[in-house]
Amino acid sequence: MDVRVAHCLLLWAAHFFPAAPRAALRVLSKESKTGNQQDGCVNLIPCKDNGAICIQPCSPSFHGETSFVCKDRNWQMFTDACASLDVQSLFQRISERELLPSSGGHVNVAGGHLPFVGEGKPVYGKPGDGAKYFGADDHGTSNCQADFSCIIPDILSSPATPGNIADIVELLKKISLLLSENVNRGKMQSYSRIANHILNSSIISSWAFVKDRNAGSMLLDSVNLFAGKLLLRNGSESVQEHFISTKGYSIHKNSSGKSFDFSVEFNNTGNITGHVLIPEEELLKLPKTSKAVSIAFPTLGAIIETNRLDPVFVNGMVLSVSLPEELRHILLTFEKVNKLENIKAQCVGWHSTERRWDNRACKMKSDNISNVVCICKHHRRTFKSFSILMSPTMLRNAVLDYITRVGLGLSIFSLVLCLIIETVVWHHVTKTEITYMRHFCLVNIATSLLIADILFILTAIVHNTALNYQLCVAATFFLHFFYLALFFWMFTLGLLILYGLLLIFFKITRSVFIATAFSIGYGCPLVISILTVAITEPKNGYLRSGACWLNWYETKALLAFVVPALSIIVVNVVVVVVVVVKTGRSSVGEGCKSQDLSNMIRISKNVALLTPLLGLTWAFGLATIVDSRSLAFHVTFALLNAFQTREALRMNCLSSKRKCSLEKS
């Protein structure tokens, strides 16, 4: 299990389940090395090699081992595989079998063969368990196979250690795969009681140390598979536990719309609700009477976060559905756990093959402070489970949306006007080499920003309409490229300003300048953009969750934009300082107040022009990183960024127009 994942899961547990054991909240290392097996790892303080692994045997009543990782010269728990249960014996007690000598240690299950769990490993059991393996228990063989009830006492009495959790997940998986024929109410009740034991909110932190980081996803798939085969009595069935609830109904095309309502326990503070509705137009697609089953998990969101590293939390129950192939769209209503006004919600589906939340599965219909309504696509092989996510760092504010829309509209209008003016007056304002180079840079800055603004709108449309993934990748690639091109052309303009101020007697030809400018302005962004998508996309780490933009939390792909942009801003700050120093020098012998005032005005004009033109306002984006929840920082950055280069370009283009008018007069 990835230690970063464990740490993220523990933070989730601390956020939503304050009653969870705080002792489990430990800082884990990101790297590990293989170490020798030792006893008493925690007594070896301090440890020497950062990242080394120490293996410690379990206590006599458990089998397995616990591993510790060396972090900051201390041993800290990494995984805990200590278990008191034996999956092999538990499964044998509920399965139809004949232990055949010729089967090579396999169990005959309903005409097939099942390899023992942990084949080749010793069986850990209690004296007298052997008789129970062959049905000699209080309930009788037939009873145990009919409802699995004979293994319930052993499981419910076992401590919910990470090792036992992993074993119970494995047991439920094998039951779902091999014993899911004729799932009656009794089997579903026993199955739910077993799952409920490891879904309890009080033990959520123990999942952080389960060795297999996909255990939560395996549990979800197993429950969905088993519950999907539930037999209905008199057209309906309902099985309720504290932390898992299952309901099934018969459906047909003459129904006016079938709904499932859930109210299940979330933690010791109360219940949360969920609602599943199959629209009437979907039911009309049914050729015959069919079955619909839905399962509600109030705490499973914390568990399946085990393969996510970003601070996005499930903010409602997880709702799973098992529907006929003909039904594709459902309406789900989730009650929010954390009811905050300024936090965005996102409708998502759990991609069972890729084991991640995917926003392409759902569209949001409505969102208020208490509930979110989602329209989701059901697919039996990929999307069967759905929920809502929230991000504590994602602010939702009408002012920010208004500034973005107005600023974007004015930006596009100003940039188009600027390019038109430049086209009209081009031959009049580019008569000298230095003016040609300056306007050449300005035109490319305007073009890059205009295309980036248009792509910004297109990526929002692509994301909001939940179009295909490849289209989102393509939109992000070009958005990344043209925003980088914007910065690199501003960098080129900065170098040109330094060339005009410092290298007065060094002449550069127009052809050399154009070749160099294009290499910097478009060549560098192209190389960076291609490398970014080539490195991160094969690992599905190019896009961030919830937007067509570069990923940050899993692969740090966003650094491919942030690092070049901030580096260019630093260089351009130096350029502005040089310009201020050069223009601020008074002529020898001129120290009158009028001259000082003239210098100050000239310096102010230069700074006012160069600050947006060279992209220095983007530096205010650092404030939003330092305090991502501050609305003031976000509004300030949005205002400055919305009117950044378009104002400078407008001033330059109007200046070009005035120069042209003076020459004509």
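All values reported here derive from a predicted model rather than from experimental measurement.

Caption draft 1: Expanded view of the state of the cysteines. Taken as a whole and assessed by the stated rule, the structure comprises four disulfides. Linked covalently through their sulfurs, Cys347 and Cys374 form a disulfide whose S-S length is 2.0 Å. Taking the sign of the torsion about the S-S bond as the criterion, the disulfide between Cys347 and Cys374, at about -75°, is left-handed. In this pair, Cys347 sits in strand 14 (residues 343-351) while Cys374 sits in strand 17 (residues 371-377), placing the two residues 27 residues apart along the sequence.

Caption draft 2: Region of interest: the packing of aromatic side chains. Throughout the structure, instances matching the rule amount to 17 aromatic pairs. On the numbers, 5.8 Å between centres and 75° between planes, the contact of Phe487 with Phe561 is edge-to-face. Separated by 74 residues along the polypeptide, Phe487 in helix 13 (residues 469-502) and Phe561 in helix 15 (residues 559-583) bring together distant segments of the chain. Judged on exposure class, the residue Phe487 and its partner Phe561 are both buried. Members of the aromatic cluster, connected to one another through ring pairs, are Trp426, Tyr436, Phe440, Phe481, Phe482, Trp489, Phe513, Phe518 and Tyr522. It is Arg510 that lies over the ring of Tyr436; its NZ or CZ is 3.9 Å from the centre.

Caption draft 3: Layout of a nonpolar patch on the surface. Residues Ile454, Phe456, Ile457, Leu458 and Ile461 make up a contiguous nonpolar surface patch of roughly 400 Å² in combined accessible area. Within the element layout of this structure, Phe456 appears in helix 12 (residues 433-464). Take Phe456: its relative accessible area is 35%, and that puts it in the partly exposed class.

Caption draft 4: Representation of helix 14 (residues 510-536) in the model. The end-to-end C-alpha separation of helix 14 is 39 Å, in line with the 39 Å expected for 27 residues at 1.5 Å each. A maximum bend of about 35° is found in helix 14 at Gly523, where proline Pro525 lies one to four positions downstream. Within the span of helix 14, buried status applies to Phe513, Ala517, Ile520, Gly521, Tyr522, Pro525, Ser529, Thr532, Val533 and Thr536.

Caption draft 5: Structural view of the packing of helix 13 against helix 15. Two numbers describe how helix 13 lies on helix 15: the axes approach to 9 Å, and their chain directions differ by 25°. Regarding the angle of helix 13 to helix 15, the classification is roughly parallel. Crossing geometry of helix 13 relative to helix 15 is assigned as left-handed. Only Ala560, Phe561, Pro564, Ala565, Ile568, Ile569, Val571, Asn572, Val575, Val578, Val579 and Lys582 of helix 15 make contact with helix 13, whose side of the interface consists of His480, Tyr483, Leu484, Phe487, Phe488, Met490, Phe491, Gly494, Ile497, Leu498, Leu501 and Leu502. For the contact of helix 13 with helix 15, the class distribution of residues is 20 nonpolar, three polar and one charged.

Caption draft 6: Summary view of the sheet that holds strand 3 (residues 74-80). Judged by pairing direction, the sheet is antiparallel, and its three strands sit side by side in the order 1-2-3 without closing on themselves. Each of the sheet's edge strands pairs with one partner strand only, and the pair in question is strand 1 (53-57) and strand 3. The mean angle between the axes of side-by-side strands here comes to 35°, regardless of whether they run parallel or antiparallel. Bridge analysis of strand 2 (residues 65-71) against strand 3 gives six bridges, and the strand direction is antiparallel. Bridge pairing in strand 3 places Val69 opposite Gln76.

Caption draft 7: A look at the nonpolar core. Ile175, Leu199, Trp207, Leu219 and Phe297 are the most contacted members of the largest nonpolar core, which totals 53 residues. Sorting the residues of this core by element identifies helix 2 (87-94), helix 5 (152-156), helix 6 (162-178), helix 7 (185-199), helix 8 (215-227), strand 10 (290-297), helix 10 (300-303) and strand 14 as the ones contributing at least two each. Broken down by element, the residue count for this core peaks at seven residues, all from helix 8. Sequence-distant contacts of Ile175, defined by excluding residues within four places in its chain, comprise Phe91, Ile94, Phe148, Ser180, Tyr191 and Phe226. In this structure, Tyr469, Trp489, Phe561 and Ile568 belong to the second largest nonpolar core, which totals 49 residues.

Caption draft 8: Layout of the pattern of salt bridges. Per the stated rule, a full pass over the model turns up 10 salt bridges. A salt bridge links Asp358 to Arg360; the nearest nitrogen and oxygen atoms lie 2.5 Å apart. Classification of Arg360 as partly exposed rests on a relative accessible area of 23%. Among the ionic pairs, Arg510 bridges to Glu433, the shortest N-O distance being 3.4 Å. Taken together, the residues Arg510 in helix 14 and Glu433 in helix 12 connect sequence positions 77 residues apart.

Caption draft 9: Representation of the pairing of strand 17. By the bridge criterion, seven bridges tie strand 13 (residues 329-335) to strand 17 in an arrangement that is antiparallel. In the strand pairing of strand 17, Leu332 is matched with Cys374. In the sheet, strand 16 (residues 362-367) pairs with strand 17 via five bridges, with the strands oriented antiparallel. Counterpart to Ser366 in the pairing with strand 17 is Val373. In textbook terms, the turn of a hairpin is the stretch between consecutive antiparallel strands, and for strand 16 and strand 17 this stretch comprises three residues.

Caption draft 10: Just the side chain of Lys187, in detail. Relative to the helices and strands, Lys187 resides in helix 7. For Lys187, the contacting residues outside a window of four places in its chain are Gln145, Ala146, Asp147, Phe148, Leu179, Glu181, Asn182 and Phe226.

Caption draft 11: Quick peek at unusual backbone geometry. Residue Asn234 is not a glycine yet carries a positive backbone phi of 55°. Among the secondary structure elements, Asn234 is positioned in the loop between helix 8 and strand 6 (236-240). Although it is not a glycine, Arg355 adopts a positive phi angle of roughly 55°. Examined against the element boundaries, Arg355 turns out to sit in the loop between strand 14 and strand 15 (356-358).

Thresholds applied
- Residues numbered from 1 in each chain as written.
- Predicted model: local features only at pLDDT ≥ 70, side-chain atom pairs only at ≥ 80, totals over all residues.
- Heavy atoms only, no water.
- Disulfide = S-S within 2.5 Å.
- Helix = DSSP H or I, 4+ residues; strand = E, 2+ residues; numbered from the N terminus.
- Phe/Tyr/Trp six-rings, centres within 6.5 Å; stacked < 30°, edge-to-face > 60°.
- Buried < 20%, exposed > 50% of the residue type's maximum accessible area, 1.4 Å probe, protein only.
- Lys NZ or Arg CZ within 6 Å of the ring centre and 35° of its normal.
- Patch = residues over 30% accessible without salt bridge, like charges linked within 9 Å, V, L, I, M, F, W, Y side chains within 5 Å.
- Areas by Shrake-Rupley, 256 points an atom, 1.4 Å probe, with all protein chains shown as cover.
- Salt bridge = Lys/Arg side-chain N within 4 Å of Asp/Glu carboxyl O.
- Expected span 1.5 Å × (residues − 1).
- Bend = angle between axes of the 7 residues up to and from the residue.
- Axes fitted to C-alpha atoms, helices over the stretch in contact; angles between N-to-C directions.
- Parallel < 35°, antiparallel > 145°, perpendicular 65-115°, else oblique.
- Left-handed = near helix turned anticlockwise from the far one by under 90°.
- Contact = heavy atoms within 4.5 Å.
- Nonpolar A, V, L, I, M, F, W, Y, C, P; charged D, E, K, R; others polar.
- Pairing = 2+ DSSP bridges.
- Core = buried A, V, L, I, M, F, W, Y, C linked by side-chain atoms within 4.5 Å.

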